[in-house]
Amino acid sequence: MPSYQVRDTTTRRLLARDLADYAAAEAALDRLDDELEHELAANGEGVGRIRLRLDVERVTEGVAKPVGHHVLLLGVDDVPDLPPAV
């Protein structure tokens, strides 16, 4: 039976593995997004719109095949305090 995993496209680092299905991979992506934003905030670092591309791979009999990708945009929801338009 296949499993799914999430890998950083650039570094090829495996971030989550042994996920039951694609929905579990999407949930893992949400958790990764939350964890990264929390860690940055805890270190006093501004997010500054970090863009990460992550691959979702299906693993069948030890062979991983990309089946999708997601782009995490950290800090997009962070709206700066701007003065009102005049």
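Quantities reported herein were computed from a predicted structural model and do not represent experimental measurements.

A. Expanded view of the pattern of salt bridges. Counted by the stated rule, this structure contains three salt bridges. Taking the shortest distance from any N to any O, the salt bridge between Glu 57 and Arg 7 comes out at 3.1 Å. With Glu 57 in strand 3 (residues 50-60) and Arg 7 in strand 1 (residues 3-8), this pair connects stretches of sequence that are 50 residues apart. Of the two residues, Glu 57 and Arg 7, both sit in the buried class. Residue Asp 55 pairs with Arg 12 through a salt bridge whose shortest N-O separation is 3.2 Å. One end of the pair, Asp 55, is in strand 3; the other, Arg 12, is in the loop between strand 1 and strand 2 (14-19), with 43 residues separating them in the sequence. Residue Asp 55 is classed as buried on the basis of its relative accessible area of 10%.

B. Broad picture of the layout of surface pockets. Roughly 170 Å³ of internal volume is contained in the largest pocket. What lines the largest pocket is simply Asp 8, Thr 11, Arg 13, Leu 15, Leu 32, Glu 35, Leu 36, Leu 52, Leu 54 and Leu 72. Class assignment for the residues of the lining of the largest pocket results in six nonpolar, one polar and three charged.

Conventions we followed
- Residues numbered from 1 in each chain as written.
- Predicted model: local features only at pLDDT ≥ 70, side-chain atom pairs only at ≥ 80, totals over all residues.
- Heavy atoms only, no water.
- Salt bridge = Lys/Arg side-chain N within 4 Å of Asp/Glu carboxyl O.
- Helix = DSSP H or I, 4+ residues; strand = E, 2+ residues; numbered from the N terminus.
- Buried < 20%, exposed > 50% of the residue type's maximum accessible area, 1.4 Å probe, protein only.
- 1 Å grid on protein atoms, 1.4 Å probe; cavity = no way out; pocket = protein on both sides within 12 Å on 5 of 7 lines; lining within 4 Å.
- Points joined across faces, edges and corners; volume = space filled by probe spheres on them.
- Nonpolar A, V, L, I, M, F, W, Y, C, P; charged D, E, K, R; others polar.

Remember, this is a structural readout, not a statement about activity or role.
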